[in-house]
Amino acid sequence: MTVEPLTEDLSGRVLAASVGGVQLRRIRASAHRFDRIPSLIRRSDEDYYKIALGIGGSSLLVQDGRGRLLSHGKLASKGGGHVVLPQGG
């Protein structure tokens with residue numbers, strides 16, 4: 001993963017917890033861009049499902065050349081390699 005600050009000062013905080021087989025993360029950060037470069041992505045046979053909930057600010061989620069804005073109260077999910085936002089999201 002590469003991280004590029006979009007403001008003069010990059011700051012952030014990640015809180016993590018595990019509940020059974022579920023991993024939870026809360027991420028707060030100043031404006032930035034991060035890319036998961038294919039050569040740096042850990043290859044795994046494990047199945048996973050990712051859910052993102054916008055709590056504040058906004059995030060632009062881009063995958064496979066498609067992008068959607070995730071803002072306060074909006075939900076996105078990722079499974080099978082694609083980001084999905086509900087209609088109207």
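Residues numbered from 1 in each chain as written. Predicted model: local features only at pLDDT ≥ 70, side-chain atom pairs only at ≥ 80, totals over all residues. Heavy atoms only, no water.

Draft legend 1. Focus on the pairing of strand S6 (residues 58-63). Counting buried positions along S6 gives zero out of six residues, so the element sits mostly on the surface. Alignment of S6 against strand S7 (residues 66-71), held across six bridges, turns out to be antiparallel. Its bridge partner lying in S7, Leu 61 is registered against Arg 68. The turn joining S6 and S7, which pair antiparallel and follow one another in sequence, is formed by two residues; a positive phi near 55° is taken by Asp 64. (Buried < 20%, exposed > 50% of the residue type's maximum accessible area, 1.4 Å probe, protein only. Helix = DSSP H or I, 4+ residues; strand = E, 2+ residues; numbered from the N terminus. Pairing = 2+ DSSP bridges.)

Draft legend 2. Expanded view of the confidence of the model for the protein. Averaged over all residues, the pLDDT of the protein equals 77, while 73% of them reach at least 70. No element of the protein has a lower mean pLDDT than strand S9 (residues 82-84), which averages 54, and none a higher one than strand S2 (residues 12-19), which averages 92. (pLDDT = per-residue confidence, 0-100.)

Draft legend 3. A look at the environment of Glu 8. Assignment of secondary structure puts Glu 8 in the loop between strand S1 (2-5) and S2. Counting along the chain gives 23 residues from Glu 8 to Ala 31, while the straight-line C-alpha distance between them is 9.5 Å.

Draft legend 4. Focus on the environment of Leu 61. Mapped onto the elements of the fold, Leu 61 is located in strand S6. Along the sequence, Leu 61 and Ala 76 sit 15 residues apart, while their C-alpha atoms lie 9.0 Å from each other.

Draft legend 5. Representation of a nonpolar patch on the surface. On the surface, a nonpolar cluster with roughly 550 Å² of combined accessible area is contributed by Tyr 49, Ile 51, Leu 53, Ile 55 and Leu 75. Counting through the fold element by element, Tyr 49 comes out in the loop between strand S4 (32-35) and strand S5 (50-53). A relative accessible area of 57% places Tyr 49 in the exposed class. (Patch = residues over 30% accessible without salt bridge, like charges linked within 9 Å, V, L, I, M, F, W, Y side chains within 5 Å. Areas by Shrake-Rupley, 256 points an atom, 1.4 Å probe, with all protein chains shown as cover. Salt bridge = Lys/Arg side-chain N within 4 Å of Asp/Glu carboxyl O.)

Draft legend 6. How the structure looks around the side chain of Ser 30. Checked against the element boundaries, Ser 30 lands in the loop between strand S3 (22-29) and S4. Using a relative accessible area of 19% as the deciding quantity, one classes Ser 30 as buried. Discounting residues that sit within four places of it in the chain, Ser 30 has contacts with Thr 7, Asp 9, Leu 10 and Ser 11. (Contact = heavy atoms within 4.5 Å.)

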